[in-house]
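Structural description and commentary
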Amino acid sequence: MSIGTARELLANWYGDELVSNILETDVTVGTAPILIAARAGAVIERVISNNGAATIFVSSKAGVAANTGIALGSGNTLSFQALSDFDLASCDLFAISAGTGNAVHVISTQLVGTQ
């Protein structure tokens, strides 16, 4: 079987195409750590977009600080995929910034069943 898409890969692995659900949320990140994406079942991808003015720092640790974690600059996006990043695609993710009022958009793709 030729595999050209993620759906074809999953069909090959599990014997059926899996249905996904897109979850979107908006969060304001400031100078205190905040949960930006909660663990949610079979999440296979997360995309985080920093629409704020300041750099945010993203981590799986609730105690993330404004000089730790993955730096995500203003206007940039960060993506985690289950096949390459394992649990980072589905675990709790927290963020913090040195500045206040940073708009962050999170999109999660969650597997919810078969066709």
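Below is a summary of the structure that appears in this document.

Basis of the calculations
- Per-chain numbering applies: the sequence of each chain, read as written, is numbered from 1 onward.
- Local features are withheld for residues below a pLDDT of 70 in this predicted model, meaning they are given only at 70 or higher, and side-chain atom pairs are given and counted only at 80 or more; totals for whole chains, interfaces and linings count all residues.
- Each side-chain value is worked out from all heavy atoms of the structure, with water and hydrogens disregarded.
- The term nonpolar core refers to a set of buried residues drawn from Ala, Val, Leu, Ile, Met, Phe, Trp, Tyr and Cys, joined through side-chain atoms within 4.5 Å.
- The rule is simple: take the accessible area with a 1.4 Å probe, protein chains only, and divide by the maximum for that residue type; under 20% is buried, over 50% is exposed, in between is partly exposed.
- The helix count covers DSSP runs of H or I at least four residues long, the strand count covers runs of E at least two residues long, and both are numbered beginning at the N terminus.
- Contact definition: two residues touch when any of their heavy atoms are within 4.5 Å.
- Whenever two N or O atoms come within 3.5 Å, that pair is a polar contact, provided that in protein one can donate a hydrogen and the other can accept it, and provided that, for residues adjacent in sequence, both atoms are side-chain atoms.

In this section: the nonpolar core. Core analysis: the largest hydrophobic core is formed by 16 residues, its most contacted members being Val29, Ile36, Ile48, Ile56, Val58 and Leu93. Among the secondary structure elements, those contributing two or more residues to this core are strand S1 (18-29), strand S2 (34-37), strand S4 (56-59), strand S6 (77-81), strand S7 (93-97) and strand S8 (102-114). For Leu93, the contacting residues outside a window of four places in its chain are Ile34, Leu35, Ile36, Ala37, Arg46, Ile48, Val58, Ser59, Ser60, Phe80 and Leu88.

Another aspect to go through is the environment of Asn76. Positionally, Asn76 belongs in the loop between strand S5 (70-72) and S6. The sequence separation of Asn76 and Thr25 amounts to 51 residues, and the corresponding C-alpha distance is 17 Å.

Counting through the fold element by element, Asn102 comes out in strand S8. A polar side-chain atom of Asn102 sits 2.9 Å from the main-chain amide nitrogen of Ala54. Within the structure, Asn102 has its side chain in polar contact with the side chain of Ser97 (distance 3.2 Å).

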